[in-house]
Amino acid sequence: MNQRLILSSPLFEIMVSRLCQQLIENHGDFADSAVLGLQPRGIFFAERVVTELRNITGKNIPLGYLDATFYRDDFRRREQLKPNATKVNFVIEGKKVILIDDVLATGRMVRAALDAMQAFGRPRKVELLVLIDRQYSREIPVEPDYTGMKVNTLDTQRVQVEWREQGHEADRIWLVD
């Protein structure tokens, strides 16, 4: 297995801060906004974003975790998938929802998340924020509203994000063959 470092500290933190500033520009005081982190790895990014937004704005921004495993269109075709917990303790009806994931690849997980969200109400607007947008791998026409970095990848490669919250010594993004 070959891996190449794409990004690490301090550029990693700068990129997260830039994304938070873009959210503040578009959401103002976040009065009608909520954040949903996609399970399993998008929750680490969502927690980081919401923590920084709370520190900057002083606002209590609702944060939830959404698992879309059973909504995937390839659920029965793939190897056994392990579902994660969904934790959404608020209604998203009429809110501007910021859906957060670490890596956008085929778009299938985002499509599934849009279906899974309907159990919690009909949002007024949904925006997608991703740390990494894998170029040229989309199978469904999904594009992020906020992107940390675009990465050109081959079908044989994957992008791996390591978070300190997962026990890694530093935040890093790797391109793995």
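The structure this text deals with has already been given above.
In this text, all values refer to a predicted model and were calculated from it rather than measured experimentally.

Asker: Just checking my understanding: could you explain the sheet that holds strand 3 (residues 63-66) for this structure?
Answerer: One key point about sheets: their strands pair by backbone hydrogen bonds, in either a parallel or an antiparallel sense. The five strands lie next to each other as 3-2-4-5-6, forming an open sheet whose pairing is parallel. The sheet is open, and its two borders are formed by strand 3 and strand 6 (146-152), each paired with just one other strand. Between one strand axis and the next, the sheet turns by 25 degrees as a mean value, whatever way the strands run. Where helix 1 (residues 11-27) meets the sheet, its contacts fall on strand 2 (33-38), strand 4 (96-104), strand 5 (125-135) and strand 6, and the angle it forms with strand 6 comes to roughly 135 degrees.

Asker: Hey, could you run me through the pattern of salt bridges in this one?
Answerer: Side-chain pairs of opposite charge can arise where the charged atoms are in close proximity. A full pass over the atoms with the stated rule returns 13 salt bridges. Across the salt bridge formed by Arg111 and Asp115, the nearest N and O atoms sit 2.5 Å from each other. One end of the pair, Arg111, and the other, Asp115, are both in helix 3 (residues 108-117), four residues apart, so they sit about a helical turn from each other. Residue Asp115 is classed as partly exposed on the basis of its relative accessible area of 36%. The network of salt bridges with shared partners includes Glu13, Arg48, Arg164, Glu165 and Asp171.

Asker: Just checking my understanding: could you explain the sheet that holds strand 1 (residues 3-8) for this structure?
Answerer: Spatially, three strands are ordered 1-8-7 in an open sheet, and the strand pairing comes out antiparallel. Both edges of this open sheet fall to strand 1 and strand 7 (158-162), since each of them pairs with a single strand only. Each strand of the sheet is rotated relative to its neighbour by a mean of 25 degrees, with strand direction disregarded. Bridge analysis of strand 7 against strand 8 (residues 172-176) gives five bridges, and the strand direction is antiparallel. The partner of Arg158 across the bridge, within strand 8, is Val176.

Rules used throughout
- Residues numbered from 1 in each chain as written.
- Predicted model: local features only at pLDDT ≥ 70, side-chain atom pairs only at ≥ 80, totals over all residues.
- Heavy atoms only, no water.
- Pairing = 2+ DSSP bridges.
- Helix = DSSP H or I, 4+ residues; strand = E, 2+ residues; numbered from the N terminus.
- Axes fitted to C-alpha atoms, helices over the stretch in contact; angles between N-to-C directions.
- Contact = heavy atoms within 4.5 Å.
- Salt bridge = Lys/Arg side-chain N within 4 Å of Asp/Glu carboxyl O.
- Buried < 20%, exposed > 50% of the residue type's maximum accessible area, 1.4 Å probe, protein only.

By themselves, these are just geometric observations and shouldn't be taken as functional.
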